[in-house]
Amino acid sequence: MVFSKRKMKQFLAFGVTIVLVICLYKSWGSPTNGVSHYAYDDGDSSAIGGEDNAAIDQEHRRAGPSPERLVLSVADRSGQKQQHNSIDGPNDDAAAGRPGPLDDVELVLAQSKPQRPPLRKGAFVAGSAQKRHHVPSLNDLGPDDLDRESRLNELHEAKRQILELERKIQELEGRIPRKYPDVTFLNYKNRKRILITGGAGFVGSHLVDYLMMQGHEVIVADNFFTGRKRNVEHWLGHENFELIHHDIVNPLFIEVDEIYHLASPASPPHYMYNPVKTIKTNTLGTINVLGLAKRVGAKVLIASTSEVYGDPDVHPQPETYWGHVNPIGPRACYDEGKRVSETLSYAYAKQEKVNVRVARIFNTYGPRMHMNDGRVVSNFIIQALQNQSITIYGSGRQTRSFQYVSDLVDGLVSLMASNYTQPVNLGNPVERTIQDFAEIIRDLVGCKSKIIELPAVEDDPQRRKPDISRAKKYINWEPRVPLQEGLMKTIDYFRKELARSNHSQRNIFVPETTEFRSLL
């Protein structure tokens, strides 16, 4: 029994040795790093299979011998285990520059050397007998080739140095502290943590500027469908500011004191682009915001719209007017979505005691508007700046009321700070026809664009003018910025936008300081 175990151990040891030899050869390759300068054919096939493996041997002859077969062949022919050189380093003969004794692999290669002329320099057979293409040496290149090679090397070196310099410049710029507008300091008793959904958008970014300048901590959640990061990039890195890439259709779990829910596309091309997503944002998104306000006890302001009045039969429109809306029209995804948003707000206020505010926002304009949002102001200004024909949809006799964005921000903040819980209109009561508005913009730009009429848009409201009696009475608010002053700021912004030719040319609208606002 003991003898059997000993023989078994010897047999296993021999097998392990053979496996190690095979693995070492496969990992080391040939003495020339897996590349032999000679093509060889398979030797004696009887060592690994005899006549029963004749077909396999024919295939192996075409593909070349495998290292495993060669090593096994040597072992069978010699009848004893071959000793390999140490893997720790070369032996004394190799270190002295003298040829040392052949190991198993070298012996195999020497025995399997073919009886054919050696291949020319640069050609080889490796594993699958594939040939590498001949690579010309420098001696084969002519003067023109050498000159071209030299110029290419100089160009690559110059590019490498430029990239290295750019990396160093970015590293140095990162060490320089960023400069931010001088914000008001508030202690922990007066400083609030405020969430603004859609805070990277047109209106939201101006609200961010105002609240940051007041000294509050501001958290912006935006999915950047219509919002842009560069609208708030001047606050990135500030200790009071945080930007979250988040779609409010999904729940958000943070701790805040106040919430401004502005998340929703507001221009017709944007909210008509994905009507279902627009409805989800104004329903599921509002539910998530109200649920967050319920959990943390925050006050929430819902940004509604004058579109809840539809194409009104009452003029001007007071908050008590129920509206005249087409529930299945192209604008219904936005109109009805906002109406449901208001319904949800007051349902949460009644059932869950959530402290809500609702602002019905009328037409607003100003810097950071999308150039292609399809609204009246942006369309007219871009067409006038490019000296194109100014297009009016319909007769041009339909009316609108336009307020500057800073007036709207003041109204939102005043409404949030008040104790009034019913809907409030925020808009400019000065009514103008679209035709008159196009002429005013053309004159301010100083172009000679023609005004042309196109077919009217479906469900386009014919008259729009807010009744702001409630805003004056309960939050002491009314718009202050004259139309021409606001339009000049907006035209200047769009002019700079059109002048941009690369990303490094920034067009950042600097927020107005607290002192400037107090003067207004």
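Residues numbered from 1 in each chain as written. Predicted model: local features only at pLDDT ≥ 70, side-chain atom pairs only at ≥ 80, totals over all residues. Heavy atoms only, no water.

- Under an unreviewed UniProt entry, the name given to the protein chain is UDP-glucuronic acid decarboxylase 1, and the organism recorded is Anopheles coluzzii.
- Looking at the protein chain in UniProt, the text filed under Sequence similarities (unreviewed entry) is "Belongs to the NAD(P)-dependent epimerase/dehydratase family. UDP-glucuronic acid decarboxylase subfamily."
- Comment text from UniProt for the protein chain, heading Pathway (unreviewed entry), reads "Nucleotide-sugar biosynthesis; UDP-alpha-D-xylose biosynthesis; UDP-alpha-D-xylose from UDP-alpha-D-glucuronate: step 1/1." (UniProt positions renumbered as here; feature names shortened; annotations may be inferred.)

### Focus: the environment of proline 268
Okay, step 1: Assignment of secondary structure puts proline 268 in helix H8 (residues 268-273).
Okay, step 2: Between the alpha carbons of proline 268 and aspartate 373 there is a distance of 7.7 Å; along the sequence they are 105 residues apart.
Okay, step 3: Ignoring any residue separated from it by four or fewer positions in sequence, one finds proline 268 in contact with Arg331 and Arg375. (Helix = DSSP H or I, 4+ residues; strand = E, 2+ residues; numbered from the N terminus. Contact = heavy atoms within 4.5 Å.)

### A look at a nonpolar patch on the surface
Okay, step 1: A grouping of Tyr393, Ile452, Leu454 and Val457 is seen on the molecular surface, where their side chains present a nonpolar patch of about 300 Å² in accessible area.
Okay, step 2: Here isoleucine 452 is to be found in strand E13 (residues 451-454).
Okay, step 3: Relative accessible area serves as the criterion here: at 34%, isoleucine 452 is assigned to the partly exposed category. (Patch = residues over 30% accessible without salt bridge, like charges linked within 9 Å, V, L, I, M, F, W, Y side chains within 5 Å. Areas by Shrake-Rupley, 256 points an atom, 1.4 Å probe, with all protein chains shown as cover. Salt bridge = Lys/Arg side-chain N within 4 Å of Asp/Glu carboxyl O. Buried < 20%, exposed > 50% of the residue type's maximum accessible area, 1.4 Å probe, protein only.)

### So, the packing of helix H11 (residues 376-385) against helix H13 (residues 434-445)
Okay, step 1: Where H11 meets H13, the axes come as close as 9 Å, and the angle between the chain directions of the two elements is 40°. When the axis of H11 is compared with that of H13, the two are oblique. Helix-helix and strand crossings are classified by hand; for H11 and H13 the assignment is right-handed. On H13, the residues touching Val376, Val377, Phe380, Ile381, Ala384 and Leu385 of H11 are Ile434, Phe437, Ala438, Ile441 and Val445.
Okay, step 2: The residue makeup of the contact of H11 with H13, split by class, is 11 nonpolar, no polar and no charged. (Axes fitted to C-alpha atoms, helices over the stretch in contact; angles between N-to-C directions. Parallel < 35°, antiparallel > 145°, perpendicular 65-115°, else oblique. Left-handed = near helix turned anticlockwise from the far one by under 90°. Nonpolar A, V, L, I, M, F, W, Y, C, P; charged D, E, K, R; others polar.)

### Looking at the pairing of strand E1 (residues 193-197)
Okay, step 1: Counting buried positions along E1 yields four of five residues, so the element is predominantly enclosed.
Okay, step 2: In the classification by handedness, the crossover that spans E1, the intervening helix H7 (residues 202-213) and the parallel strand E2 (residues 217-222) is right-handed. (Right-handed = clockwise from strand over helix to strand, strands pointing away.)

### Let's talk about the packing of aromatic side chains
Okay, step 1: Considering all chains together, one arrives at nine aromatic pairs under this definition.
Okay, step 2: Seen from their ring centres, tyrosine 271 and tyrosine 334 are 4.5 Å apart, and the 5° between their planes marks the pair as stacked. Within this pair, whereas tyrosine 271 is found in helix H8, its partner tyrosine 334 is found in helix H10 (residues 332-351), the two being separated by 63 residues in sequence. Of the two residues, tyrosine 271 and tyrosine 334, both sit in the buried class. (Phe/Tyr/Trp six-rings, centres within 6.5 Å; stacked < 30°, edge-to-face > 60°.)

### So, the packing of H13 against helix H15 (residues 483-499)
Okay, step 1: Running from N to C, H13 and H15 point in directions that differ by 60°, and their axes come no closer than 10 Å. In terms of axis orientation, H13 runs oblique to H15. H15 is crossed by H13, and the crossing has right-handed handedness. Taking contact as the criterion, the partners of Phe437, Ile440, Ile441, Leu444 and Val445 in H13 are, on H15, Leu483, Gln484, Leu487, Met488, Ile491 and Arg495.
Okay, step 2: Looking at side-chain class alone, the contact of H13 with H15 contains nine nonpolar, one polar and one charged residues.

### Observations concerning unusual backbone geometry
Okay, step 1: Put simply, histidine 315 and proline 316 share a cis peptide bond, and its omega is -10°.
Okay, step 2: For proline 316, the position within the fold is in the loop between strand E5 (299-305) and H10.
Okay, step 3: Residue arginine 368 is not a glycine yet carries a positive backbone phi of 75°.
Okay, step 4: Here arginine 368 shows up in the loop between strand E7 (364-365) and H11.
Okay, step 5: Phi at asparagine 476 takes a positive value of approximately 55°, unusual for a residue other than glycine.

### Points about the sheet that holds E1
Okay, step 1: With parallel pairing, the seven strands of this open sheet are ordered in space as E3-E2-E1-E4-E5-E6-E11. This sheet does not close on itself; its edge strands, each paired only once, are strand E3 (241-245) and strand E11 (424-426). Neighbouring strand axes in the sheet, compared pairwise and without regard to direction, differ in orientation by 20° on average.
Okay, step 2: Each of E1, strand E4 (258-261), E5 and strand E6 (356-361) is contacted by helix H9 (residues 275-296), which is oriented at about 175° to E4, the strand it contacts most.
Okay, step 3: Running over the sheet, helix H12 (residues 405-417) touches E4, E5, E6 and E11 and is turned about 160° from E6. (Pairing = 2+ DSSP bridges.)

### Let's talk about the pattern of salt bridges
Okay, step 1: Applying the stated criterion to the full structure yields 23 salt bridges.
Okay, step 2: The partner of arginine 191 in a salt bridge is glutamate 217, and the shortest N-O contact between them spans 3.2 Å. A residue pair is termed long-range when its members are at least 10 positions apart, and arginine 191 in the loop between helix H6 (143-175) and E1 and glutamate 217 in strand E2 qualify at 26 residues.
Okay, step 3: On the basis of relative accessibility, which here comes to 22%, the residue glutamate 217 falls in the partly exposed class.
Okay, step 4: Taking the shortest distance from any N to any O, the salt bridge between lysine 496 and aspartate 492 comes out at 3.5 Å. With lysine 496 and aspartate 492 both in helix H15 and four residues apart, the pair spans about one turn of that helix.
Okay, step 5: Taking relative accessible area as the criterion, lysine 496 reaches 44% and is therefore assigned partly exposed.
Okay, step 6: Connected through shared salt-bridge partners, Glu164, Arg167 and Glu171 make up one network.

### Considerations on the side chain of histidine 234
Okay, step 1: Its location among the elements puts histidine 234 in the loop between E2 and E3.
Okay, step 2: A distance of 3.1 Å separates the side chain of histidine 234 from the side chain of tryptophan 235, its partner in a polar contact. (Polar contact = N/O pair within 3.5 Å; in protein donor to acceptor, adjacent residues only side chain to side chain.)

### With respect to the side chain of histidine 216
Okay, step 1: With respect to the helices, strands and loops of the structure, histidine 216 is situated in the loop between H7 and E2.
Okay, step 2: A polar contact is formed between the side chain of histidine 216 and the backbone nitrogen of lysine 192, at a distance of 3.1 Å.
Okay, step 3: What histidine 216 contacts, discounting residues up to four positions off in sequence, is Leu186, Asn190, Arg191, Lys192, Ile194, Leu211 and Asn240.

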